[in-house]
Amino acid sequence: MVMPSQSPLSPDAGSGAVLAPTSPPRVVNAPLAPTAELTSIPKRRNFTAKYKLRILDETDQVADTGGVSAILRREGLYSSALTDWRRARAAGTLGALQPMRRGPQKAPANPLQAELAKANREVTALRRRLDQAEAIIAIQIKNASDGKIEDGGGLRLVKKSESAKWVFRYSHLGRRREMGLGNMPTTNLAKARQNRDKWEGERQDKTESVRR
């Protein structure tokens, strides 16, 4: 912007005085307008595990020759960062060299999870087969004639007309005894066997305690 310079007031023209020459116009630079651009904000540097291990290898090779400082200046690193990386490497926590992600961390996969899922599928298949076998046994018992059906281990099914009950036969003090374990179909074969094993275990415990 050009600002006209002011000249001293001259006397009237009629006075006959000589006017002083005027100075040339002086150029004045306009003030700089404020810029809307923001200065760049420095960002935190993140280093990968591969980069950290490479720097550690380089510094180890020149540790005796005093070249560590040159590497730090070249990479723009501080000696404290190098110390932290060396501690992590010495502790064997290579994963600690990888920068942690913000937010909730994903839990590591359980190596036994696949085996557990496989075992659950096998148990489900066995239960299905057991239910099918129980249904077949129930039909066979219903169609069987009256009498006693031995299952083994002292367990027998006594069928009479439309009813059938489970009986556990055992010996106590040299005498044969019987214990009822439930009626069909409320108590199936699997449940009757469980009851038989339970009472047999308790009976043996009582016998051992009497002998002592």
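Criteria and cut-off values
- Residues numbered from 1 in each chain as written.
- Predicted model: local features only at pLDDT ≥ 70, side-chain atom pairs only at ≥ 80, totals over all residues.
- Heavy atoms only, no water.
- Pairing = 2+ DSSP bridges.
- Helix = DSSP H or I, 4+ residues; strand = E, 2+ residues; numbered from the N terminus.
- UniProt positions renumbered as here; feature names shortened; annotations may be inferred.
- Axes fitted to C-alpha atoms, helices over the stretch in contact; angles between N-to-C directions.
- Parallel < 35°, antiparallel > 145°, perpendicular 65-115°, else oblique.
- Contact = heavy atoms within 4.5 Å.
- Nonpolar A, V, L, I, M, F, W, Y, C, P; charged D, E, K, R; others polar.
- Expected span 1.5 Å × (residues − 1).
- Buried < 20%, exposed > 50% of the residue type's maximum accessible area, 1.4 Å probe, protein only.
- Arc of directions from axis to C-beta.
- Phe/Tyr/Trp six-rings, centres within 6.5 Å; stacked < 30°, edge-to-face > 60°.
- Lys NZ or Arg CZ within 6 Å of the ring centre and 35° of its normal.

## Focus on the pairing of strand β6 (residues 175–183)
Then comes step 1: Of the pairings in the sheet, the one linking strand β5 (residues 163–172) to β6 comprises 8 bridges and is antiparallel in character. Pairing of H172 across the sheet is with R175, part of β6.
Then comes step 2: The loop that links β5 with its antiparallel partner β6 comprises 2 residues; one of these, L173, has a positive phi angle of about 55 degrees.

## Describing the UniProt feature "coiled-coil region" (unreviewed entry) in the chain
Then comes step 1: As recorded in UniProt, the sites labelled "coiled-coil region" (unreviewed entry) are residues 109–136.
Then comes step 2: The span residues 109–136 is 86% helix and 0% strand, and its two end C-alpha atoms sit 42 Å from each other.

## Some points on the pairing of strand β4 (residues 155–160)
Then comes step 1: Two elements, strand β3 (residues 147–152) and β4, share 5 bridges in a ladder whose sense is antiparallel. Residue pairing for β4: I149 is matched across the bridge by L157.
Then comes step 2: Joining the antiparallel neighbours β4 and β5 is a turn of 2 residues, in which S161 adopts a positive phi near 60 degrees.

## Focus on the packing of helix α1 (residues 49–61) against helix α2 (residues 68–75)
Then comes step 1: Between α1 and α2, whose axes approach to 9 Å, the crossing angle comes to 150 degrees. By the angle between their axes, α1 is roughly antiparallel relative to α2. Between α1 and α2, the contacting residues are Y51, I55, E58 and T59 on the first element and V68, I71, R74 and E75 on the second.
Then comes step 2: Its residues assigned to classes, the contact of α1 with α2 shows 4 nonpolar, 1 polar and 3 charged.

## What about helix α3 (residues 79–90)?
Then comes step 1: The end-to-end C-alpha distance of α3 is 17 Å, a good match for the 16 Å that 12 residues give at a rise of 1.5 Å each.
Then comes step 2: Taken together, the buried positions of α3 are L82, W85 and A88. Buried residues of α3, seen end-on, are gathered within an arc of 125 degrees and therefore sit on one face of the element. Among the exposed residues of α3, those oriented more than 90 degrees off its buried face are R87 and A90.

## Thoughts on the packing of aromatic side chains
Then comes step 1: Applying the stated rule across the entire model yields 4 aromatic pairs.
Then comes step 2: Here the aromatic rings of F47 and W85 are separated by 5.5 Å at their centres, their planes lie at 65 degrees, and the arrangement is edge-to-face. You can see F47 sitting in the loop between β2 (26–27) and α1 and its partner W85 sitting in helix α3, a full 38 residues away along the chain. Summarising the burial analysis for this pair, F47 and W85 share the class buried.
Then comes step 3: Measuring from centroid to centroid gives 6.4 Å for Y51 and W85, while their planes differ by 80 degrees, and the two rings are edge-to-face. Highlighted residues: Y51 in helix α1 and W85 in helix α3, separated in sequence by 34 residues.
Then comes step 4: Each member of the aromatic cluster is reached from another via a ring pair, and the members are F47, Y51 and W85.
Then comes step 5: Lying across the ring of W199, K198 places its NZ or CZ 5.7 Å from the centre.

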